[in-house]
Amino acid sequence: PPFISLLVPALVPRSARPMTGLVASKTGVGSDLTSSLMAVGTIAGADYSYLVPLRAIWHGSTPKEIDHRDRKRRLDLTVLPIFALWYLVQASFVTAPSAIAAAKAHPAIVEAAAVPVGGAAGTWMQVALAAVAVYILVLHVWVFPVPSEAQDAFLVQAYVGRWVYLTRHCLTLQAWHQVMSMAAPMVSAELSALTHGISIWIAGLGMFVTIQYMVLVVPSKPFKEDCELWERRGVHFKEIGLLVHMCALPMAVLDLTVVKGSSELHVAVSMLRTVFMVGAYTMFYLCIIIANFKATGRWPYGFLKDFGTDFTKWFFFVLQQLVVLLTFTTISW
């Protein structure tokens, strides 16, 4: 079953796992045995064909790269639940205090108002959004190709894995948002108020990640070089990247226009607090990538190399991104 296949790499001792083609060639193992071992890996779900109809695995990974992948997956399994609390902390801040107070004083009224608009169709849309959001997060955590030692990404992810990328923050927050929005009517009026109150911030972040990925990352030279490298290895790196990043924007739009009611959003959202959150998270993320650069000597995005240590370039770049994120957040409102 798929869930057993996902656990195999973490549960089977490394010494008992199928060797990669590179390791086999170095140890002089015959091609027939190598092919058999690769087949075992495929049977164990190593190709992820049941998750995505794209080639995501390269069988030439070195033991160091495989160890990197396994350690980062264990890190992900630790941080993902923590982000549920991080989501609730942010929701508690951006939600209007009056909405939280109303949820405590009149829970029945708030719960009735928080039911997805459109009746059964809205409810099924909420379920679909939750499923898609979790699916996209699984792709980013488990299926996205592990970087090779020759790539900057290998060093970039040395300590905090893919949590150094804003995409991981967005996808995780969006997944928890959709799951908690789906569960809220069955859990409590307060959770319904929180999931409505944070909707604008989550939507703005999702729009930002999709658009900026297409505008800044895809056209950059380092990204094109990475795509060429993985294409030579037969891995659909570019296609998987597009799938992972392109869904954030439509999910944000559907959440605001189809699932959430406009009147409930206006009551629950504190736009002033949401604008403050945009600025605070921008600075928070900037601190993460600066600290990671100090530790690894690499920036998470190749185009950032052009800025060097030029304060002026960094100032205007950060200001530009802040304005763009504020724009998407305002549009969402």
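To be clear, the structure that these remarks concern was listed above.
A. Up close: the overall build of the chain. Along its length, the chain carries 17 helices and zero strands. A buried classification covers 47% of the 333 residues belonging to the chain. Within the chain, counting contacts between residues at least 6 apart in sequence, those at least 24 apart form 82% of the total. As displayed, the chain offers around 15,800 Å² of accessible surface, 71% of which is attributable to carbon and sulfur atoms.

B. View of the nonpolar core. Counting 78 residues, the largest nonpolar core has L166, W201, Y301, L304 and W314 as its most contacted members. Among the elements that line this core, the one with the most residues is helix α11 (residues 199–217), at 10 residues. Excluding residues that lie within four positions of it along the chain, L304 makes contacts with I289, W299, W314 and F317.

C. Molecular detail of the packing of aromatic side chains. Summed over all chains, the structure comprises 20 aromatic pairs. For the pair Y281 and F284, a centre-to-centre distance of 5.2 Å together with 70° between the ring planes defines the contact as edge-to-face. Placement of the pair is Y281 and F284 together in helix α16 (residues 271–296), with a separation of three residues, close to one helical turn. With relative accessibility at 35%, the residue F284 sits in the partly exposed group. Between F293 and W299 the ring centres are 4.1 Å apart and the planes differ by 10°, which places this aromatic pair in the stacked class. Using a relative accessible area of 13% as the deciding quantity, one classes W299 as buried. Three or more aromatic residues link up through ring pairs in this structure, and these residues are Y165, F293, W299, Y301, F303, F307, W314 and F317. Sitting over the face of the ring of W230, R233 holds its NZ or CZ atom 4.9 Å from the ring centroid. Here the basic side chain of R273 rests over the ring of F93, its NZ or CZ set 5.4 Å away from the ring centre.

D. Seen up close, the pattern of salt bridges. Applying the stated criterion across every chain yields a total of seven salt bridges. As a salt-bridge pair, D152 and R298 come within 3.1 Å of each other at their nearest N and O atoms. In this pair, D152 sits in helix α8 (residues 152–156) while R298 sits in the loop between α16 and α17 (311–332), placing the two residues 146 residues apart along the sequence.

E. Structural view of the side chain of T210. For T210, the position within the fold is in helix α11. The exposure class of T210 is buried, given its relative accessible area of 4%. A distance of 3.1 Å separates a polar atom in the side chain of T210 from the backbone nitrogen of L249. Once residues lying within four places of it in the same chain are set aside, the contact partners of T210 are H245, M246, A248 and L249.

F. Fine view of a negative patch on the surface. Residues E225, E228, E231 and E239 make up a contiguous surface patch of negative charge. At three residues, the largest contribution of residues to the negative patch is made by helix α12 (residues 221–232). Inspection of the secondary structure assignment puts E228 in helix α12.

G. Geometry of α17. Here α17 contains 22 residues, and its C-alpha end-to-end distance of 32 Å stays within 8% of the 32 Å for a straight helix at 1.5 Å per residue. Restricting attention to buried positions, one finds in α17 the residues W314, F317, V318, Q321, L325, F328, T329 and S332. Along the axis of α17, the buried residues cluster in a sector spanning 105°; they form a single face. With respect to the buried face of α17, the exposed residues turned more than 90 degrees away are F316 and I331.

H. Region of interest: a nonpolar patch on the surface. Together, F311, F315, F316, L319 and V323 give the surface a local cluster of nonpolar side chains, amounting to about 540 Å² of exposed area. Relative to the assigned elements, F316 resides in helix α17.

I. Focus on the layout of surface pockets. Space inside the second largest pocket adds up to approximately 580 Å³. Those elements giving two or more residues to the lining of the second largest pocket turn out to be α8, α11, α12 and α13 (237–246). Of the residues forming the lining of the second largest pocket, the biggest block, four residues, is contributed by α12.

J. Layout of empty space enclosed by the protein. Evaluated as defined, the whole model comprises two cavities of 30 Å³ or more. Space inside the largest cavity adds up to approximately 420 Å³. In terms of lining residues, the largest cavity is bounded by 25 residues, among which L166, F208, Y285, Y301 and Q321 are the most central. When residues of the lining of the largest cavity are traced back to their parent elements, those giving at least two are α9 (166–187), α11, α16 and α17. With eight residues, α11 is the largest single contributor of residues to the lining of the largest cavity.

Conventions and cut-offs
Residues numbered from 1 in each chain as written. Predicted model: local features only at pLDDT ≥ 70, side-chain atom pairs only at ≥ 80, totals over all residues. Heavy atoms only, no water. Helix = DSSP H or I, 4+ residues; strand = E, 2+ residues; numbered from the N terminus. Buried < 20%, exposed > 50% of the residue type's maximum accessible area, 1.4 Å probe, protein only. Contact = heavy atoms within 4.5 Å. Areas by Shrake-Rupley, 256 points an atom, 1.4 Å probe, with all protein chains shown as cover. Core = buried A, V, L, I, M, F, W, Y, C linked by side-chain atoms within 4.5 Å. Phe/Tyr/Trp six-rings, centres within 6.5 Å; stacked < 30°, edge-to-face > 60°. Lys NZ or Arg CZ within 6 Å of the ring centre and 35° of its normal. Salt bridge = Lys/Arg side-chain N within 4 Å of Asp/Glu carboxyl O. Polar contact = N/O pair within 3.5 Å; in protein donor to acceptor, adjacent residues only side chain to side chain. Patch = residues over 30% accessible without salt bridge, like charges linked within 9 Å, V, L, I, M, F, W, Y side chains within 5 Å. Lys, Arg positive; Asp, Glu negative; His and termini not counted. Charge placed at Lys NZ, Arg CZ, Asp CG, Glu CD. Expected span 1.5 Å × (residues − 1). Arc of directions from axis to C-beta. 1 Å grid on protein atoms, 1.4 Å probe; cavity = no way out; pocket = protein on both sides within 12 Å on 5 of 7 lines; lining within 4 Å. Points joined across faces, edges and corners; volume = space filled by probe spheres on them.

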